[in-house]
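Coordinate inspection notes
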Amino acid sequence: MNSVNETITAAATPDLTRVQSFCAVAHAGTLAVAATATGRSPATLSRHVSALESELAVSLFERRGDGMALTETGVRLLEYADAIAAAGHRFAAAASGQQDSLSGTVRLTASRGVAAGLLPPVLAALRTAQPDIEIELVVTDATANLLQREADIAVRMFRPEQANLITRHLGVLEFGAFASHAYLSERGEPGSLAALADHDLIGDDRDDQIRTSLEALGVPVRREMFRVRCDDSATSWALVLAGCGIGLTHVRRGRDEPRVRQVLSAVPPLTMPVWLTSHSELRTSARVRVVFDFLATTLAGQLKPAGGLCR
C-alpha cells in the first residue's frame, strides 16, 4: 500500500525547474524580463510554463501582447510555487555550503551604471586574488530574486526588504556633473544650477531620475533641456566624453577621466546608497563568502562611509 501511495505522490509532484520558471515569469510579468533575471531564454521559460500547465492540467497565464498575466488559478498557485522554489534553492544552498573549495561560479547582479562604472576594476582585482572563482555578471536594472537563486550576490541602490537575506550598507555613491573640455571650450562653464538652463544636458528619456534629483535641489528642469536623451548610463557617459553636453556620473569615475572636467563642484553631490546583499544560507558557501567580503571591502573604498552588517 505504501509503495502505491509513494508512486502516486511522485507522479503528482511537479518538476522543480518548471516551477522555478513559472515563479520567474509570474513575478517578472514578461518572458523577456524573466529571461534577463534567470539567464534562461524566453523560449525555454515558455516551454517550461507550457509543460507545467499540461502536467497540472490547468491554465496559469493569459498570454497578452504586452506580457503574461496570471489567471485566477495562477494567482492561487503562485504562493505554493514560491514556497517550492525557495525550498529547492535552500536545499541547493545547504548542499553547496558543505563545500569549502574556493573554486566554482558565483553569480553577481548589478545595475547597468554600477556594472559599467564601478565593478570592472573590482572584478579584475578579484580575479587576481581568487583565480579559481568564476564570475557570472548579470547586468540589469531589474531586481533579481535572491531567494529563487537568480543570483548569489546583488549590488543594489536600495535596502532589500525580503526575509532571509543578509545585507550590508557599504556607503553612498556620490554623483556630480561633468562635461568634456571640448564642450566647455565652446559653451563655457555654468556658474550656478540655474545656469544649466543655457546648456545641453544628457540623460532622462523615460527614466526621470536626474530631473527629479535636480528639482529636489530647486532647479526647474524642462525635458527640452536634455538635448540628447538616453536612459542607459554607460551610453550617456560615452556621449559626455564625445562632447554632446553635461551629464552625471560617479564623482570618482569623472575625476579619474582626463577628457572631462567637473562643473558645479561647489554644489553638494547627489547621493545614492549602495547595499550588498546575499541569501543568508549562501553565506555559508566559502566561495560566495569570499566574494561577498571582497566586494564589501573593495567597493566600500570607493564610497562615502556608512554603517555595517544588518539582518
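Please refer to the structure higher up on the page.
In what follows, the accompanying structure is described.

Cut-offs used in this document
Within each chain, residues carry numbers counting from 1 in the order of the written sequence. Whole-chain, interface and lining totals are the exception, using all residues; otherwise, since this is a predicted model, local features are given only for residues with pLDDT of at least 70 and side-chain atom pairs are given and counted only at 80 or more. Excluding hydrogens and water, the side-chain values take into account all heavy atoms of the structure. By convention in these notes, a salt bridge is any Lys or Arg side-chain nitrogen within 4 Å of a carboxyl oxygen on Asp or Glu. Throughout this description, buried means an accessible area under 20% of the type-specific maximum (1.4 Å probe, protein chains only), exposed means over 50%, and partly exposed covers the range between. Numbered from the N terminus, helices here are DSSP runs of H or I no shorter than four residues, and strands are runs of E no shorter than two. For two strands to count as paired, DSSP must find a minimum of two bridges between them. Structural elements are reduced to axes, namely lines fitted to C-alpha atoms, with helices fitted over the stretch in contact, and the angle between N-to-C directions of any two is expressed from 0 to 180 degrees. Here roughly perpendicular refers to angles of 65 to 115 degrees, roughly parallel to angles under 35, roughly antiparallel to angles over 145, and oblique to all remaining angles. With the far helix as reference, a near helix turned anticlockwise by less than a right angle produces a left-handed crossing, and one turned clockwise produces a right-handed crossing. Every residue pair with non-hydrogen atoms within 4.5 Å of one another is taken to be in contact. Each residue is assigned to one of three groups, with Ala, Val, Leu, Ile, Met, Phe, Trp, Tyr, Cys and Pro labelled nonpolar, Asp, Glu, Lys and Arg labelled charged, and all others, Gly among them, labelled polar. Stacked, edge-to-face and tilted labels apply to pairs of Phe, Tyr and Trp rings (six-membered ring for Trp) whose centres lie within 6.5 Å, assigned for plane angles under 30 degrees, over 60, and everything in between, in that order.

**Re the pattern of salt bridges**
Opposite charge on two side chains allows them to pair when their charged atoms are near. Under the counting rule described, the total for this entry stands at nine salt bridges. Here R259 makes a salt bridge to E257, at a shortest N to O gap of 2.8 Å. When its relative accessible area of 15% is taken as the criterion, E257 is described as buried. The structure contains a network of salt bridges with shared partners spanning R187, D200 and R227.

**Quick notes on the pairing of strand β3 (residues 104-110)**
β3 sits mainly inside the fold: five of its seven residues count as buried. Direction of pairing for β3 relative to strand β5 (residues 153-156): parallel, over a ladder of three bridges. Along β5, the bridge assignment pairs A110 with V155.

**Section: the packing of helix α2 (residues 16-28) against helix α3 (residues 31-38)**
Relative orientation of the contacting elements α2 and α3 amounts to 120°, with a least axis distance of 8 Å. Overall, the two elements α2 and α3 adopt an arrangement that is oblique. Between α2 and α3 the crossing geometry is right-handed. Of the residues in α3, those touching α2 at A24, V25 and A28 are L31, V33, A34 and T38. Partitioned by chemical class, the residues of the contact of α2 with α3 number six nonpolar, one polar and no charged.

**Examining the packing of aromatic side chains**
Taken as a whole and assessed by the stated rule, the structure comprises two aromatic pairs. Between the aromatic rings of F22 and F61, the centroid separation amounts to 5.6 Å while the plane-to-plane angle is 70°, which identifies the pairing as edge-to-face. Residue F22 is located in helix α2, and its partner F61 is located in strand β1 (residues 61-64); the two are separated by 39 residues in the primary sequence. Each member of the pair, F22 as well as F61, is classed as buried. A ring pair is formed by F178 and W237, whose centres lie 6.3 Å apart and whose planes are at 90°; its orientation type is edge-to-face. Note that F178 is positioned in strand β6 (residues 165-180) and W237 in helix α10 (residues 233-241), a separation of 59 residues in sequence.

**Side note on unusual backbone geometry**
Positive phi, normally seen in glycine, also occurs at A57, with a value near 60°. Counting through the fold element by element, A57 comes out in the loop between α4 (42-56) and β1. When its relative accessible area of 69% is taken as the criterion, A57 is described as exposed.

**So, the packing of α2 against α4**
For the pair α2 and α4, interaxial distance at closest approach is 8 Å and the crossing angle is 115°. It follows that α2 is roughly perpendicular to α4 by the angle criterion. α2 and α4 meet at a crossing whose hand is left-handed. When α2 is examined against α4, the residues T17, R18, V19, S21, F22 and V25 are found in contact with a partner set consisting of L45, H48, V49, A51, L52 and E55. The residue inventory of the contact of α2 with α4, partitioned by class, reads seven nonpolar, three polar and two charged.

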